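# Coordinate inspection notes
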Amino acid sequence: MKYLRFIILAPFLMAFQCESDDPSSFDNLEATGLLGRWEIQDEIINGSISDMTPKCCEFLEFNLDDNIKDTIGFLTYTDSQDVVNIGVFEVELNNQSIIFTDEESDEFTFEFEVDDVQQNLTLDFTKDGTNYIQTWVKIE
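The following refers to the structure shown. (Residues numbered from 1 in each chain as written. Predicted model: local features only at pLDDT ≥ 70, side-chain atom pairs only at ≥ 80, totals over all residues. Heavy atoms only, no water.)

## Quick word on the pattern of salt bridges
Going by this rule: We define a salt bridge as a side-chain nitrogen of Lys or Arg found within 4 Å of a carboxyl oxygen belonging to Asp or Glu. Secondary structure follows DSSP: runs of H or I at least 4 residues long count as helices, runs of E at least 2 residues long count as strands, and numbering of each begins at the N terminus.
Counted under the stated rule, the structure contains one salt bridge. Here Glu61 makes a salt bridge to Arg37, at a shortest N to O gap of 3.4 Å. Taken as a pair, Glu61 in strand E3 (residues 59-64) and Arg37 in strand E1 (residues 36-45) lie far apart in primary sequence, 24 residues in all.

This is the structure in structure tokens:
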């Protein structure tokens, strides 16, 4: 009789067991491959390589916010002159775009693509009538 009770109660006890691999703790942004720190590698302006000197010292850092169910996070841009632009970004998965809103409420939209190994990020955007295609390499 003891064993019968155990067999009946065991599935109920296991149903309420805490799991460390809880899929609900996976942030929706993690699937995009954007999270981390990126450094610019090259830039094409209106279809032409901007110059032959290697690009350097421009960084993008994508970080999570507190809500794991959304596709919103924090973005920091830093350049070689220590210009820092901080704000919030939102990923639109249906058209592979990012909407960035900085601290001054300026909004900027760009399309993105992350390669299969999540080491190269391509950004495509138009600013003041000029089209830019930038390649960024993950450093962290």
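## A few points about the state of the cysteines
What counts, and what does not: The disulfide definition used here is simple: a pair of cysteine sulfur atoms within 2.5 Å. Relative accessibility thresholds used throughout: buried, under 20% of the residue-type maximum; exposed, over 50%; partly exposed, between the two (1.4 Å probe, protein chains only).
Enumeration according to the criterion identifies one disulfide in this entry. A disulfide bridge connects Cys56 with Cys57, and the sulfur atoms are separated by 2.2 Å. Across the S-S bond linking Cys56 and Cys57, the dihedral sits near -60°, which makes this disulfide left-handed. On the basis of relative accessibility, which here comes to 28%, the residue Cys57 falls in the partly exposed class.

## Quick word on the side chain of Asp79
Here is the rule: Neither His nor the chain ends is counted toward charge; the positive residues are Lys and Arg and the negative residues Asp and Glu. Contacts: residue pairs with any heavy atoms within 4.5 Å of one another.
In this structure, Asp79 sits in the loop between strand E4 (72-78) and strand E5 (84-92). In this structure Asp79 is buried but unpaired, with Lys127 as the nearest side chain of opposite charge at 10.0 Å. Among residues more than four places away in sequence, those in contact with Asp79 are Cys57 and Glu58.

## Notes on the packing of aromatic side chains
The condition that has to hold: Any pair of Phe, Tyr and Trp rings, taking the six-membered ring for Trp, is counted once the centres come within 6.5 Å. Such a pair is stacked with planes under 30 degrees apart, edge-to-face with planes over 60 apart, and tilted for the rest.
Taken as a whole and assessed by the stated rule, the structure comprises five aromatic pairs. Geometrically, the ring pair formed by Phe108 and Phe125 is edge-to-face, given 5.1 Å between the ring centres and 70° between the ring planes. Residue Phe108 is located in strand E7 (residues 107-114), and its partner Phe125 is located in strand E8 (residues 120-127); the two are separated by 17 residues in the primary sequence. Arranged with centres 6.4 Å apart and planes meeting at 65°, the rings of Phe110 and Phe125 form a pair that is edge-to-face.

## A word on the pairing of E1
Every other side chain in a regular strand lies on the same face of the sheet, so the side chains alternate between the two faces. Rules: If DSSP finds at least two bridges between two strands, the strands pair.
Pairing between E1 and E3: four bridges, direction antiparallel. Within E3, the position partnered with Arg37 by the bridge is Glu61. Where E1 and strand E9 (residues 130-138) come together, seven bridges link them in antiparallel fashion. Paired with Ile40 across the strands is Trp136, a residue of E9. Two elements, E1 and strand E2 (residues 48-49), share two bridges in a ladder whose sense is antiparallel. Within the sheet, the bridge partner assigned to Ile44 lies in E2 and is Ile49. Between E1 and E2, which pair antiparallel one after the other, the connecting turn spans two residues, and Asn46 there sits at a positive phi close to 50°.

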